[in-house]
Amino acid sequence: MLCRNNINRRSSVLVNSLGTSDEHITVVENLQSCNPDGAILVSTPQAVSLGDVRRELSFCKRTHLPVLGIVENMSGFVCPHCSECTNVFSSGGGEAFAQDFHIPFLGRIPLDPKLSQCTEEGQSLAKVFPTSPTIQAVRTVVDNLVAQLKSRTNAKHGST
């Protein structure tokens, strides 16, 4: 869930696992006062994950939480030696889901052993491997999310 504070232009992103349990309901209820911009749904390309996302989408609709977009995680595998990205699993399931449900598709993020390495060492992947395909993918997702938020803000205020 994404909440922005328009006074100091800060954003808060709440990462929550898929589900529609009591924890999710409590989080949504408690964050209503900050007027959240919405939820970002995250899926892997496989059909079983997309079923979970379908339930999460229904939950967002029931709780009147706007969906800002969907991200396809684990979309490909970045070789630690040559940095080529190969589809180990299927690919495109998140994008197809987004099209089917008229949700913005924010992008794909591949599996990257360098991300695990940096996380375990307490380092930033963006600083250590700034040209990594994963960093490029994350930047694409962020750029698409920012564009989506600007579009919603402009539509809300009647400007273009």
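For the structure itself, consult the block above.
Residues numbered from 1 in each chain as written. Predicted model: local features only at pLDDT ≥ 70, side-chain atom pairs only at ≥ 80, totals over all residues. Heavy atoms only, no water.

Across its full length, the chain holds 6 helices and 6 strands. Going residue by residue from the N terminus, the α and β elements of the chain occur as β-β-α-β-α-β-β-α-β-α-α-α. Accessible surface, the chain as shown: approximately 9700 Å² in total, 53% of it carbon and sulfur. (Helix = DSSP H or I, 4+ residues; strand = E, 2+ residues; numbered from the N terminus. Areas by Shrake-Rupley, 256 points an atom, 1.4 Å probe, with all protein chains shown as cover.)

Turning our eyes to something else, we now look at the packing of aromatic side chains. According to the stated counting rule, one finds 1 aromatic pair in the structure shown. Ring centres of Phe97 and Phe101 lie 4.5 Å apart, and the angle between their planes is 35°; on these two criteria the pair is classed as tilted. The exposure class assigned to Phe97 is buried, which follows from its relative accessible area of 3%. (Phe/Tyr/Trp six-rings, centres within 6.5 Å; stacked < 30°, edge-to-face > 60°. Buried < 20%, exposed > 50% of the residue type's maximum accessible area, 1.4 Å probe, protein only.)

Scanning all chains against the criterion turns up 3 salt bridges. A salt bridge links Arg108 to Glu72; the shortest N-O distance between them is 3.5 Å. Of this pair, Arg108 sits in strand β6 (residues 105-111) while Glu72 sits in strand β4 (residues 67-78); the two residues are 36 residues apart in sequence, bridging distant segments of the chain. The class of Glu72 is buried, set by a relative accessible area of 0%. Residue classification places Arg108 among the partly exposed residues on the basis of a relative accessible area of 31%. Sharing partners across several salt bridges, the network here consists of Glu72, Glu95 and Arg108. (Salt bridge = Lys/Arg side-chain N within 4 Å of Asp/Glu carboxyl O.)

So, about a nonpolar patch on the surface. On the surface, Val138, Val142 and Val146 cluster together into a nonpolar patch covering about 200 Å² of accessible area. For Val146, the location among the structural elements is in helix α6 (residues 133-157). (Patch = residues over 30% accessible without salt bridge, like charges linked within 9 Å, V, L, I, M, F, W, Y side chains within 5 Å.)

What follows covers helix α2 (residues 47-62). The terminal C-alpha atoms of α2 lie 23 Å apart, and with 16 residues this matches the ideal 22 Å at 1.5 Å per residue to within 8%. Regarding α2, the residues found buried are Ser49, Leu50, Gly51, Val53, Glu56, Leu57, Phe59 and Cys60. (Expected span 1.5 Å × (residues − 1).)

This part takes up the nonpolar core. Grouped together as the largest cluster of nonpolar side chains are 14 residues, with contacts concentrated most on Leu41, Leu57, Cys60, Val67, Ile70, Phe97 and Ile103. At the level of secondary structure, the elements contributing two or more residues to this core comprise β3 (39-43), α2, β4 and α3 (93-100). By residue number, the principal contributor to this core is α2, which donates 5 residues. When sequence neighbours within four positions are dropped, the list of residues in contact with Ile103 reads Leu57, Val67, Gly69, Ile70, Phe97 and Ala98. With 8 residues, the next largest nonpolar core counts Leu106, Ile109, Val141 and Leu149 among its residues. (Core = buried A, V, L, I, M, F, W, Y, C linked by side-chain atoms within 4.5 Å. Contact = heavy atoms within 4.5 Å.)

Summarising the element assignment, Ser49 is placed in helix α2. Of note is the side chain of Ser49, whose polar atom sits 3.0 Å from the side chain of Ser43. Look past the residues within four positions of Ser49 in its chain and what remains in contact with it is Ser43 and Thr44. (Polar contact = N/O pair within 3.5 Å; in protein donor to acceptor, adjacent residues only side chain to side chain.)

On to the environment of Phe77. By the secondary structure assignment, Phe77 is in strand β4. Judged by relative accessible area, Phe77 falls into the partly exposed class, the value being 30%. Placed 57 residues apart in sequence, Phe77 and Thr134 show a C-alpha to C-alpha distance of 9.4 Å. Look past the residues within four positions of Phe77 in its chain and what remains in contact with it is Glu84, Cys85, Thr86, Val88, Pro110, Leu111 and Pro113.

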